[in-house]
Amino acid sequence: MTSSVSEKAGTLVDSISARCCRLEWAANDAVARLNWSRPRLIATCVTIVLALGSLVSLTVSYVMFLDLAPELPYIMDSTTETPPTRRLAAHAQNETLGFGGIAYLSMPYRTDRQDAMELLASVYGLNFTYIPGVDGSSIVEKSKPLHSYWLRPPELGCWRAHVNAWRYLLESDFETLLVLEDDVDFDVHIHDIFETLSKQMQHNRIRITPPTEHERTAAPYGLDWDVLFVGQCSDHSNDDRLDLVHIYADPHVPSRQDTFFHFIGQMESLGIKDRNFGMMRAIAPSWNPVCTMGYAITRRGAERLILDISYRGITGPVDIDIIRKLQQGIIRGYTITPPLLSAWRVDGAKDSDNQALEKDQTKLGTGNLNGYSTSLKMSARKEMVKILELQNWNDIQRVLPPRANPMMTAAQEAEEQDEQSKAGAEMQEIEEAWRKRKFEMGRIMEKWGG
Ligand SMILES: *[C@@H]1O[C@H](CO)[C@@H](O)[C@H](O)[C@H]1NC(C)=O
Ligand SMILES: *[C@@H]1O[C@H](CO)[C@@H](O)[C@H](O)[C@H]1NC(C)=O
């Protein structure tokens, strides 16, 4: 029994090694010359196979998770097709994250929030342009858009401030503008996160036209959209077109437990598999994006928004109105889930400037330090406190430890004084020589000048 098992095992090993090493044994000469024992040959074979296997799987996972843009939905001549350019995506590393500019809205009296925004911008290498928020009750009747009579003053002010941001884009020479509200928070790797997004946006599944030459060279996110939602509070997808959802890997996606529950449901409905939580984001056609805390617009988008949400009148608060236009299909948008920007909440809704907040409403709680945001792996507002932390006296102690005997003896002190006066005398001599030289030079110049 035992012997038959071991015989079988032997045959198996033989056949495996025969198969596995057929190549080597075919090229037998070399091996024969090596004169290796069979176990040694088998061990070598197994090592080679394992090494090759892990190389292949590493390559496959690298390609799958990092670099490969999914198949393109539109038809394109394969000879002119170029892969997403890293060079273009790298524009996201600049001060405006690869957009033409970044503007943020803040009520003029919220200097506390403006301080925070400028601090964030400086610490993370960003350039934020301030656009003042508008007090809705200051808008005169004649200037109000059609059908705006039922909006509350804060909603009207919010609408006005966003239209001013859209106008800022039209007045600039930018092609795109990222619009933020002043309570935004983001991951410390914001530049890398937008660089990853750029690679995907250049070849996303939702495009219906191939990128133009100009887009390929100068538009890191393409220009085939009006609005790009990167900081919504929630969105629901267009259930009829779930086939368009484009899922991509991003190493800075928050884990499931760090993700706001609403986005978990949203990610599941967009088709992100449970095992891919904390690794993947989805780009979907915008359908129901709530909040205007962080979104980008293109020049064409700003034109359409001003036309539809000012010139023609309005149908509701600005974010609800944008949703209507998206669902009607008269503007085109993309939403990123989970979003790349999140709100920094201090003292709950009481800190909001458009939810029934009066200008002089008293603030409760402990302010910024007790604030929080969700759905970020590493909150920029939290990390910035650590980044700026200094322990000056400890650093001095470490680099310049105090001298062993700070109290000098009288003899040492006399010696030091002596050295100092010697140095002083030397200095005087040098200065004297320099004065003389200057005087000589002056005379020469005078002579030549005369
Ligand atoms: C950042 O890159 C974008 C896209 O190329 C460009 O339009 C923008 O001017 C750049 N911003 C800065 C501050 O260089
Ligand atoms: C920030 O952007 C504005 C508007 O584009 C520009 O005028 C300003 O010089 C920039 N600031 C810095 C520090 O780059």
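Refer to the preceding data block for the structure.
The rules behind these values
- Residues numbered from 1 in each chain as written.
- Chains lettered and ligands numbered in written order.
- Predicted model: local features only at pLDDT ≥ 70, side-chain atom pairs only at ≥ 80, totals over all residues.
- Heavy atoms only, no water.
- Near = heavy atom within 4 Å.
- Polar contact = N/O pair within 3.5 Å; in protein donor to acceptor, adjacent residues only side chain to side chain.
- Areas by Shrake-Rupley, 256 points an atom, 1.4 Å probe, with all protein chains shown as cover.
- Nonpolar A, V, L, I, M, F, W, Y, C, P; charged D, E, K, R; others polar.
- Helix = DSSP H or I, 4+ residues; strand = E, 2+ residues; numbered from the N terminus.
- Expected span 1.5 Å × (residues − 1).
- Buried < 20%, exposed > 50% of the residue type's maximum accessible area, 1.4 Å probe, protein only.
- Contact = heavy atoms within 4.5 Å.
- Core = buried A, V, L, I, M, F, W, Y, C linked by side-chain atoms within 4.5 Å.
- Arc of directions from axis to C-beta.
- Pairing = 2+ DSSP bridges.
- Axes fitted to C-alpha atoms, helices over the stretch in contact; angles between N-to-C directions.
- Left-handed = near helix turned anticlockwise from the far one by under 90°.
- Parallel < 35°, antiparallel > 145°, perpendicular 65-115°, else oblique.

A.B. asks: So, the site of ligand 1: which residues are in play, and what are the values?
C.D. replies: Neighbouring ligand 1 are the residues H91, N94, T96, G98, F99 and P220. H91 places a side-chain nitrogen or oxygen 2.6 Å from an oxygen atom of ligand 1. Interatomic distance of 2.3 Å between a side-chain N/O atom of N94 and an oxygen atom of ligand 1. Calculation on ligand 1 without its partners gives an accessible area of 360 Å², and the protein chains cover 59% of this total. Residues that form the shell around ligand 1 fall into these classes: 2 nonpolar, 4 polar and no charged.

A.B. asks: Any details on helix 7 (residues 153-171)? Residues and values, ideally.
C.D. replies: With 19 residues, helix 7 should reach 27 Å at 1.5 Å per residue; the first-to-last C-alpha distance of 26 Å fits that figure. For helix 7, every residue scored as buried is listed here: E155, L156, G157, C158, W159, R160, A161, H162, V163, A165, W166 and L169. Residues of helix 7 that are buried make contact with strand 1 (101-106), strand 2 (128-132), strand 3 (176-181), strand 8 (294-298), helix 11 (299-311) and helix 12 (318-328).

A.B. asks: Talk me through the nonpolar core; I want residue IDs and the actual numbers.
C.D. replies: Side chains of a nonpolar character, in soluble globular proteins, are inclined to be buried together. In this structure, F194 and L197 are the most contacted members of the largest nonpolar core, which totals 37 residues. Elements that contribute at least two residues to this core include exactly strand 1, helix 6 (111-123), strand 3, strand 4 (184-186), helix 8 (190-201), strand 9 (333-337), strand 10 (341-343) and helix 13 (380-387). When residues no more than four places from it in sequence are discounted, the contact partners of L197 are Y221, V230, Y248, I283, I336 and L340.

A.B. asks: With reference to specific residues and values, describe helix 6.
C.D. replies: An α-helical turn contains 3.6 residues, so a residue and the one three or four places further along point in the same direction. When the terminal C-alpha atoms of helix 6 are compared, their 18 Å separation across 13 residues agrees well with the 18 Å that a helix rising 1.5 Å per residue should span. Residues of helix 6 that are buried include every one of R113, Q114, A116, M117, L120 and A121, and no others. Along the long axis of helix 6, the arc covered by the buried residues comes to 160°, so they all point the same way. Exposed and oriented more than 90 degrees from the buried face of helix 6 are D115 and S122.

A.B. asks: Lay out the pairing of strand 7 (residues 280-285) in plain terms, naming residues and giving numbers.
C.D. replies: Across the 6 residues of strand 7, 6 count as buried, placing the element largely inside the fold. Burial along strand 7 is two-sided: M280, A282 and A284 and R281, I283 and P285, pointing in opposite directions, are all buried. Alignment of strand 6 (residues 246-249) against strand 7, held across 4 bridges, turns out to be antiparallel. Directly across from Y248, in strand 7, lies its bridge partner R281. Pairing geometry for strand 7 and strand 9, over 4 bridges, is antiparallel. Note on strand 9: the bridge partner recorded for A284 is T335.

A.B. asks: Account for the packing of helix 7 against helix 11, with residues named and values stated.
C.D. replies: Close contact between helix 7 and helix 11 brings their axes to 9 Å; oriented N to C, the two are set at 145°. As for how helix 7 packs across helix 11, the hand of that crossing is left-handed. Contacts between helix 7 and helix 11 involve W159, V163, W166, R167, L169 and L170 from the first element and R299, A302, E303, L305, I306, I309 and S310 from the second. The class makeup of the residues in the contact of helix 7 with helix 11 is 9 nonpolar, 1 polar and 3 charged.

A.B. asks: Give a detailed account of the environment of T176, specifying residues and quantitative values.
C.D. replies: Residue position: T176 is located in strand 3. Judged by relative accessible area, which is 7%, T176 ranks as buried. Each C-alpha atom of the pair T176 and Y221 lies 9.2 Å from the other, and the pair is 45 residues apart in sequence.

A.B. asks: Please give an account of the packing of helix 6 against helix 13 that cites residues and values.
C.D. replies: What describes two packed helices is the angle between their axes and the distance between those same axes. The interhelical angle for the contact between helix 6 and helix 13, taken along N-to-C directions, is 70°, at an axis separation of 11 Å. In terms of orientation, helix 6 lies roughly perpendicular with respect to helix 13. Crossing hand, helix 6 versus helix 13: left-handed. The segment helix 6 lies against helix 13, with A116, M117, L119, L120 and V123 engaging A380, R381, M384 and I387. Grouping the amino acids of the contact of helix 6 with helix 13 by side-chain chemistry returns 8 nonpolar, no polar and 1 charged.

A.B. asks: Describe the site of ligand 2, and please don't skip the residues or the numbers.
C.D. replies: For ligand 2, the full set of nearby residues is E95, N127 and F174. Between E95 and ligand 2, the recorded distance is 3.2 Å, taken from a side-chain N or O atom to an oxygen atom. Protein chains shield 33% of the accessible area of ligand 2, which is 360 Å² for the free molecule.

A.B. asks: Please provide a residue-by-residue account of the sheet that holds strand 2, values included.
C.D. replies: One open sheet holds the 8 strands; their spatial order is 2-1-3-8-5-9-7-6, and the pairing between them is mixed. Because the sheet does not close on itself, it has two edges, and the strands there are strand 2 and strand 6. When strand polarity is set aside, the average angle formed by the axes of neighbouring strands in this sheet is 25°. Across the sheet, helix 8 touches strand 5 (227-229), strand 6, strand 7 and strand 9, and the angle it forms with strand 6 is around 140°.

Nothing here speaks to function; it is all geometry.
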